[in-house]
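# Results of the structural survey
If you want the building blocks of each chain, they are given just below.
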Amino acid sequence: MAKFNRYLITAALPYANGPVHIGHLAGCYLPADIYVRYLRAKKADVKFVCGTDEHGVPITIKAMKEGVSPQDVVDKYHKIIGDSFAAMGISFDIFARTSDPVHHKTSQDFFLKMYNDGLFEEKESEQYFDPEKEMFLADRYIVGTCPNCGNDKAYGDQCERCGRTLSPDELINPHSALSNAPLVKKKTKHWYMPLQNYEPWLKEYIIDGHKEWKNNVYGQCKSWLDSGLQSRAMTRDSNWGIKVPLPDAEGKVLYVWFDAPIGYISATKQLTENWADYWCKDDTKLVHFIGKDNIVFHCIIFPAMLKAHGDFVVPDNVPANEFLNIEGEKVSTSRNWAVWVNDYIQDFPDQQDVLRYVLCATAPETKDNDFTWKDFQDRNNSELVAVFGNFVNRAMVLMHKLCGGKVPALHPEFMNDGDKDILKEFGLAKEKIENSIETYRFREALSEVIEFARKGNQYLQKNEPWILASVLEKLKAGEQHPKYPQYEEKDIAFLQARIDICLHISLQMTANLAIFSHPFLPFTAKRICHMLKVVDRMLEWDNAGSDKLLSVGYTLRPPELLFKQVENEQVTAQIEKLHAGLKQAMDAAAANAPAVEEAPVAPPKPEIQYDDFAKLDLRVGTILQAEKVAKADKLLKLLVDIGTEQRTVVSGIAMHFNPEDIVGKQVTLVANLAPRKMRGIESQGMILMAEDNGKLIFVNPAEAVKPGSGVS
Ligand SMILES: Nc1ncnc2c1ncn2[C@@H]1O[C@H](COP(=O)(O)OP(=O)(O)OP(=O)(O)O)[C@@H](O)[C@H]1O
Ligand SMILES: [Zn+2]
């Protein structure tokens, strides 16, 4: 780490249209906080910046739906999000907002500099315009009929029924998702950044220069660069956002992914007058913590912008995480399938570290990962309570009982190999934790912390100071202990020394545990400091690994329990809450979905000849197996018996059917459709479905027939 003299750490700007859930924490805020706390403990010069991203279409749409102004929406969520982070101990140096005037000015200046340097292409294009709402629509707000499967609720970017990627022009009967009005096309001018011009530099910077980046990040960058970059519009038509600072740009704002990352710069400006040291000096290490869906923006587009503008450092690393799912399902704000951080804090008061622990221990560092409440309980009960908490509590209780509440002496003359071995672990643990954190392997680092506590427990168990104490008591009373007749009166000094040594070492381990765990479990570390009656300065990383943190004879406070059991009822209640939230969201969507009543029956398609129809090989089949497709909410993988053979079919019906409910059902299959790969699975056919106001129903013969029977 030597070549860097200061650190600038950023965490993705959360979008201010909803509260934060545990996926957000696990994805980027918690790892960033762990890293920053570690750097601060090393007394590095570090700034940790974040803030809310307050522009973009989804915010205006949320405002429209709620009948409030976009400003109301962002004010509300800036506060809720900021409070949740603060409560969880996410220790930003500043939590800014992109609606701040400093940010507007910084972004506009950035744009202007690039504009004046001739780095944008001006292009006119025709785009869909909603005449009722008087606005241009982003692809996802355009709906129409899918040319592939006939789904009349396909989006301008994708059909969620058949999975096909679409452009708005391919939709039949495109209309506005906001007003339902038919769309018109209008000419509009935008400023594009020719990303292809930065390709050679990006290849050098990432492909050659940052082979150490995490595989998931490096791989994604490589595939973007291999498939070739294109010009990308850096402006949008909207009235909510940062105005394009040009005379002929009425109604145009900066693209959110142009302004949001500049938010890191403007936040630093608001934090310190020396902001330029952090952004412009080569010995700054800039690290962006994000989730995987933000990789292209932080690894390709933002670095290209920084390079184009000039004068700025570019990220040294972007240790993006994959996604956290909950109880086997993708987190979804709209379906309310989420564990909200503010709910957690209410339901588990003063247990922030438990969530921090579990989210770090199961963080999706290399692949998507699943959070389950059962695992939360298991990890709390068997790791935090039974290992970490138990060790600290035993050391403290025994010291109070056997050593009069003071740190006992070490008595080197009575130390044995076991003591010397455990002392060696101090430095080894420090080294391992340090290496893991510095290479962004936080799960591994945390497991080393627990391992250290586990060794402490083993050490206590091996030395059994409570037994030595009972022998000592008998000997002092002039008796021998019936179970340990080998000890005699002459051993009194030895026994007392052994008790002292064991507890001295255990207490020094406890102090080290506070330092080691502090980046991960800051509330717990502080509680340990309180019990040990030491100031927080003890938590400095230089002290880690030392076996002289507590002086002999120092009086300590009484022990407090650091963690408590999570009970089965709590787990059940949380799982019920998740399902209740989902049901509520679904009911609400069903109740106020005007689209359902107004949903037009799809218009007739153009006429075809009998021969066109006869080309279809339609057959009845029986579903033999059905299972969910990993990482795809909507897809089921089916095995269908069509008499002569069994076909694998991937079908976009997972939101409508439980796999176990449809095994045995008869279906009609288009058996001669060219196979298509979806999520790496080859789909050998398509199942016919009728759709009634969003509800899917299998099309099958009125009576059961032999699998393979033809349909004509
Ligand atoms: N389930 C998740 N697991 C890991 N990271 C996540 C998850 N959800 C969001 N993130 C990350 O959190 C950061 C902030 O998210 P952002 O506010 O942009 O919301 P988002 O990605 O739209 O999430 P959501 O749709 O759930 O609100 C991003 O870097 C994103 O990648
Ligand atoms: Zn479709």
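Everything numeric here is computed off the predicted structure, so don't read it as measured data.

### Description of helix α15 (residues 465-476)
The terminal C-alpha atoms of α15 lie 16 Å apart, and with twelve residues this matches the ideal 16 Å at 1.5 Å per residue to within 8%. For α15, every residue scored as buried is listed here: Pro465, Leu468, Val471 and Leu472. Take α15 and look down its axis: the buried residues cluster within an arc of 120°, on one side only. Next to the buried residues of α15 lie α12 (373-402), α14 (442-463) and α16 (492-517).

### Some remarks on the sheet that holds strand β5 (residues 135-136)
Here we have four strands laid out as an open sheet, ordered β5-β4-β9-β10, and antiparallel in their pairing. Sheet topology places β5 and β10 (231-233) at the edges, where each strand pairs with a single neighbour. Bridge count for strand β4 (residues 121-130) against strand β9 (residues 184-194) is nine bridges, and the pairing is antiparallel. Pairing of Phe129 across the sheet is with Val184, part of β9.

### Quick notes on the UniProt feature "binding site: Zn(2+)" (unreviewed entry) in the protein chain
Per the UniProt record, the feature "binding site: Zn(2+)" (unreviewed entry) sits at Cys146, Cys149, Cys159 and Cys162. For the residues just named, distributed over 17 residues, the greatest C-alpha separation is only 8.6 Å, placing them together at one site. Here Cys159 is to be found in the loop between β7 (154-155) and β8 (172-176). If near-sequence neighbours (up to four positions away) are discounted, Cys159 is found in contact with Cys146, Asn148, Cys149, Asn151, Ala154, Arg164 and Leu166.

### Some thoughts on helix α11 (residues 352-361)
Extensive coverage of α11 is indicated by the burial of nine of its ten residues. Buried within α11 are the following residues: Gln352, Asp353, Val354, Leu355, Arg356, Tyr357, Val358, Leu359 and Cys360. Contact partners of the buried residues in α11: α1 (22-41), α3 (70-87), α10 (341-347), α12, α14 and α17 (522-532).

### Things to note about the domain arrangement of the protein chain
Examined at the domain level, the protein chain breaks down into domain 1 (6-113 + 254-326), domain 2 (117-231), domain 3 (387-543) and domain 4 (610-711). Taking only C-alpha atoms into account, the centre of domain 3 sits 63 Å from that of domain 4.

### Details of unusual backbone geometry
A positive phi angle, near 60°, is found at Lys43, a position not held by glycine. Within the secondary structure, Lys43 is located in the loop between α1 and β2 (46-52). Assessed through the 10 C-beta atoms surrounding it within 10 Å, Lys43 is described here as exposed. Phi is positive for Asn173, which is not a glycine, with a value near 60°. Inspection of the secondary structure puts Asn173 in strand β8. Take Asn173: there are 13 C-beta atoms within 10 Å of it, and that puts it in the partly exposed class.

### With respect to the pairing of β2
For β2, the buried fraction is high: seven of the seven residues fall into the buried class. Of the strand pairs in this sheet, strand β1 (residues 6-11) and β2 are connected by four bridges, and their pairing is parallel. Across the sheet, residue Tyr7 finds its bridge partner in β2, namely Val46. Traced from β1 through α1 to β2, the parallel crossover comes out right-handed. As judged from the four bridges shared by β2 and strand β3 (residues 94-97), these two strands associate in the parallel manner. Residue Gly51 lies in a different strand from β3, and its bridge partner there is Ala96.

Conventions adopted
- Residues numbered from 1 in each chain as written.
- Chains lettered and ligands numbered in written order.
- Predicted model: local features only at pLDDT ≥ 70, side-chain atom pairs only at ≥ 80, totals over all residues.
- Helix = DSSP H or I, 4+ residues; strand = E, 2+ residues; numbered from the N terminus.
- Expected span 1.5 Å × (residues − 1).
- Buried ≥ 20, exposed ≤ 12 C-beta atoms within 10 Å, placed from the backbone.
- Arc of directions from axis to C-beta.
- Contact = placed C-beta atoms within 7 Å.
- Pairing = 2+ DSSP bridges.
- UniProt positions renumbered as here; feature names shortened; annotations may be inferred.
- Domains from an automatic or database assignment.
- Right-handed = clockwise from strand over helix to strand, strands pointing away.

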